[in-house]
Every structure is written in structure tokens, then in C-alpha cells.
Amino acid sequence: MPRRTRPADPPVASTSEPATNPAKRARHREPTPQPSPSPSLTPTSPSASSSSSSEAEITLVSKRPRFRRLVRFVPTDYNPYDQFEAYLGEPVDPDIDVGQAVADGREVLVNIVQAWDLMGEIGPFTGEQRAIDHLLPLFMEDPDFPPEVPLKVPGTIRCIGLNYVSHAKEVGLEIPTVPTVFLKPETALMYHEDDIVIPKSFVDDDAADYEAEVAIILAKDCKNVSEDEAMDYVLGITAANDVSSRKAQFAQSQWCYSKGFDSSCPIGPTLVHRDAIKDWSKVSIQGKLNGKVVQESDLSDLIFSIPKIVSFLSQGTTLKAATIILTGTPAGIGWTSKPRRTLQHGDVFTVTISHGVGSLINKVRFEEQSRSPTPSSEE
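All of the points below concern the structure found in this document. Positions within a chain are numbered from 1, following the residues in the order the chain's sequence is written. pLDDT decides what is reported in this predicted model: residues at 70 or higher carry local features, side-chain atom pairs at 80 or more are listed and counted, and totals for whole chains, interfaces and linings draw on all residues regardless. Only hydrogens and water are removed before side-chain values are computed, so all heavy atoms of the structure are retained for them.

1. Digging into the pattern of salt bridges
One speaks of a salt bridge when a side-chain nitrogen belonging to Lys or Arg is within 4 Å of a carboxyl oxygen belonging to Asp or Glu. Applying the stated criterion to the full structure yields 14 salt bridges. A salt bridge links Arg130 to Asp77; the shortest N-O distance between them is 2.7 Å. On the criterion of sequence distance, the pair formed by Arg130 in strand S9 (residues 125-136) and Asp77 in the loop between strand S5 (69-75) and strand S6 (84-85) is long-range, its members being 53 residues apart. Between buried and exposed lies partly exposed: a residue is buried under 20% and exposed over 50% of the maximum accessible area for its type, with that area taken using a 1.4 Å probe on protein chains only. Taking the relative accessible area as the measure of exposure, Asp77 reaches 52% and is therefore exposed. Residues Arg365 and Asp195 are paired through a salt bridge, measuring 2.8 Å at the closest nitrogen-oxygen approach. For helices the rule is a DSSP run of H or I covering at least 4 residues; for strands it is a run of E covering at least 2, with both sets numbered from the N terminus onward.

2. Observations concerning the packing of aromatic side chains
Aromatic ring pairs: the centre-centre distance and the angle between the two ring planes describe each pair. Aromatic rings from Phe, Tyr and Trp, taking only the six-membered ring of Trp, are treated as a pair when their centres fall within 6.5 Å; an angle between ring planes under 30 degrees marks them as stacked, one over 60 as edge-to-face, and anything in between as tilted. Going through the model one piece at a time under the given rule, you end up with four aromatic pairs. By the ring-pair criterion, three or more aromatic residues cluster together here, those being Phe202, Tyr257 and Phe261. Geometrically, a charge over a ring is one whose NZ (Lys) or CZ (Arg) sits within 6 Å of the ring centre while staying within 35 degrees of the ring normal. Positioned above the aromatic ring of Tyr233 is the side chain of Lys220, whose terminal nitrogen or guanidinium carbon lies 4.8 Å from the ring centre. A cation over a ring is seen here: Arg340 above Trp335, with NZ or CZ 3.7 Å from the ring centre.

3. Topic: the nonpolar core
It is characteristic of soluble globular proteins that their nonpolar side chains tend to be buried jointly. Ranked by size, the top nonpolar core spans 46 residues in total, and within it Ile198, Ile237, Leu299, Val310 and Ile353 carry the most contacts. Contributions of two or more residues to this core are made by strand S15 (196-198), helix H3 (200-203), strand S17 (212-218), strand S18 (234-241), strand S22 (284-289), helix H7 (306-314), strand S25 (348-353) and strand S26 (358-366). To define a nonpolar core, start from buried Ala, Val, Leu, Ile, Met, Phe, Trp, Tyr and Cys residues and group those joined through side-chain atoms within 4.5 Å.

4. A word on unusual backbone geometry
Excluding glycine, most residues fall at negative phi; most peptide bonds, likewise, are trans. Cis geometry is found at the peptide bond from Gly268 to Pro269, where omega equals -5°. Looking at the element boundaries, Pro269 is found in the loop between strand S20 (265-266) and strand S21 (271-273). The peptide bond linking Lys338 to Pro339 adopts the cis configuration, its omega dihedral lying at -5°. Position of Pro339 among the secondary structure elements: in the loop between strand S24 (324-326) and S25.

5. As for the pairing of strand S23 (residues 292-298)
The pairing criterion for strands is at least two bridges between them, as found by DSSP. As judged from the six bridges shared by S22 and S23, these two strands associate in the antiparallel manner. Paired with Gln286 across the strands is Glu296, a residue of S23. Here S22 folds back onto S23 in antiparallel fashion, the turn holding two residues, of which Asn290 has a positive phi close to 55°.

6. Focus: the sheet that holds S25
Strand order in the open sheet formed by five strands is S15-S26-S25-S22-S23, with mixed pairing between adjacent strands. The open sheet has two edge strands, S15 and S23, and neither has a second partner. Direction aside, the axes of adjacent strands within the sheet are offset by 20° on average. The convention used is that axes are lines fitted to C-alpha atoms, helices contributing only their stretch in contact, and that angles between N-to-C directions extend from 0 to 180 degrees.

7. A closer look at the environment of Thr317
Examined against the element boundaries, Thr317 turns out to sit in the loop between H7 and S24. Considered as a pair, Thr317 and Cys222 are 95 residues apart in the sequence and their alpha carbons are 8.2 Å apart. By the convention used here, residues are in contact when the closest approach between their heavy atoms is within 4.5 Å. Ignoring anything within four residues of it in the chain, the contact list for Thr317 reads Arg158, Cys222 and Lys223.

In C-alpha cells, the structure reads:
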């Protein structure tokens with residue numbers, strides 16, 4: 001397997017803060033995928049045998065289990081000055097908040113798997129356990145990565161605005177009758193413990209805001225699907241933050257500019273399979289700014305359900321496998337709070353989702369100030 005370099009972080013102005021962890025820029029190699037196990041042939045009648053299997057009715061039974069939740073990571077024993085492996089697996093502790101534990105420096109052990117596919121099936125466990133040093137994105141931007149890399153970003157992130165009853169009330173708007181859709185480019189993607197960089201063109205506005213969201217990931221291409229069929233196309237969920245610049249947002253009728261800048265869509269780090277969620281209305285979401293809870297709700301407050309969103313977006317449009325869909329944010333955004341809250345340089349925002357997704361944690365950093373220095377009176 002060829003060794004390739006992880007895509008570089010978006011360029012930002014230099015600051016006095018420490019450089020990015022060198023291991024994040026090191027070279028890595030994906031685990032070598034193993035062939036899918038041959039399906040077993042299960043006779044449907046006792047009279048069927050291996051010698052007469054051609055005459056017996058048979059049922060193909062997959063031996064590959066479905067995952068509950070997955071993470072991709074670099075282990076603690078990597079060498080930052082050499083090459084290291086990127087591993088994929090399921091956390092050993094089914095209840096641990098992986099993102100928070102890694103951020104706190106606690107040990108997180110993972111059962112390593114060989115490979116997985118977008119239908120949610122995983123290859124065999126290797127029997128090996130490794131501890132996480134730092135988490136890697138499940139999504140890979142590099143189109144040259146080999147085909148066994150699980151998720152390649154499909155290019156455009158679909159987003160639903162004004163989709164919680166509580167949020168519509170706090171901004172004083174009527175409940176919409178059709179979903180409000182806007183897009184983010186793939187360059188907006190950012191991952192766990194990477195910095196949210198507020199562009200210098202927005203810094204002076206003092207209008208940067210957070211939006212804790214549940215993101216859904218599609219397992220296969222879909223077009224013109226019904227609401228009844230929609231969940232068959234969903235792979236699972238993860239955490240996301242729809243970072244926005246409010247003054248730019250309200251100055252335009254379209255939101256792509258104010259919500260589509262580089263690093264405006266942190267996502268991850270844990271992917272939970274849809275089958276691990278029995279009651280979607282009980283999926284809870286929480287947003288914390290510098291440790292203080294500012295948003296808290298669950299999916300029972302959604303205006304448009306996940307099946308409705310997937311069905312609506314697929315009408316007349318092909319949604320590719322691995323498409324990311326942000327489903328909206330609940331009440332508690334900073335812009336409408338009293339007093340008003342905006343994201344500041346050095347802030348930390350955490351999105352926590354229930355059912356094993358856990359926490360997505362990102363620090364806010366301002367790009368170089370855009371305002372020109374004011375000449376002194378002595379000059």
C-alpha cells in the first residue's frame with residue numbers, strides 16, 4: 001500500500017500559538033484491506049448437503065458484522081519523525097465519550113478492524129487493541145487515496161436551516177413549511193481539536209457564532225427516495241458545528257458566503273451506525289461554550305425529521321454516498337442571547353451528541369486582524 005500524506009490544514013496567518021501537532025502532518029498508511037469473507041451457504045432443508053448443494057435452495061448469509069461506532073486514529077506508540085499507521089476500530093468501552101477523553105489525555109483503547117464499507121459492515125477484528133494518541137478524520141479529501149479508504153468527501157455539504165421549533169421561536173420567525181437549504185463547500189470541513197479560524201474579513205464584524213448540530217452521513221447514492229425509504233440510505237450520525245458570521249448572513253439572502261468559509265464546518269470524531277439508534281427522537285444534542293452549556297435539546301424538537309430531510313433533498317437530485325447533511329441547530333445561539341455572545345479568539349466550543357457519538361471539541365482562532373493600524377497623532 002503506498003504511503004500518502006494527510007491533506008494539510010487550511011493556511012492561516014501566523015500566531016504566537018504552538019504549531020499543529022507534527023504527527024498530524026506526518027505520513028501514514030491505511031490498513032491493508034482484507035477480502036470480504038465468503039458468504040456461508042445455509043441449506044433451507046435438512047436434506048441439503050454439500051454434495052447436493054446445487055439442488056438445494058440456499059441463502060447467502062454475510063459473516064461481516066455491522067459496527068456500532070467507529071473512530072480513525074493514530075496510536076500512542078507512533079514515531080512523529082517516521083512513518084506510522086492510521087488505524088480504524090471500535091472503542092473498547094461502549095460508553096466512553098471518545099472525543100472528550102482524548103482531549104483530557106485519558107487512555108482510550110480501540111479494537112482494531114481490518115476494513116469497512118459504506119453499508120456499515122466491518123471486516124474482521126484483528127484481535128489487537130491500540131490506545132489513541134490523536135483522532136483522524138473519517139473523511140479523506142485527497143482523491144488519489146486508494147478505494148478502500150472509507151469516506152471520500154463528495155464535494156458539497158447539505159445544510160438545513162431553521163429546523164428546530166425552539167430555534168424558530170428564539171429568532172422570531174414562523175415555522176417553515178418546507179426545509180430551508182443552503183450549502184457548504186468541502187473546504188469548510190474541519191475536524192476534532194483542529195482550530196476554527198475566523199477569517200480576517202469577518203473578525204472586525206464581531207459576529208462569529210456557533211451552531212451545535214447532528215450530522216447524518218449517507219451510505220449510498222440516492223435520488224427521488226420516499227420518506228419511508230429514506231433511512232435505508234443513512235449510514236449513521238456524527239457531531240457538527242455550523243459556524244456562521246451573522247452580519248454577513250443577514251446582509252444577504254443566500255447563506256453560503258457567511259457559513260461556507262474555511263473551517264466553518266467542524267465534524268466528527270465518532271461515527272455511530274443508524275442501527276444503534278432505536279428511538280431517534282431521544283438523540284440529544286448539547287453545545288458548550290468554554291465549558292458552559294448554551295444549547296441543549298433533542299431530535300423531538302425537529303420541524304422536519306431526518307427521513308423528511310433525506311427525501312426532500314433527493315428529489316430530482318442525486319445525493320452521492322458519503323454525503324454529509326447538517327440537520328439544524330436548537331435554541332441558544334449566541335447572536336440572540338441576552339447579553340449577546342460571539343465567538344472570540346481562544347474560545348473553545350464543544351458539541352456533544354448522545355448514543356455514543358460523544359464530543360467534538362474545537363478552539364477558535366482569529367486570522368490576522370483586517371483593520372489597518374490607526375496612525376498616532378505624533379506621526
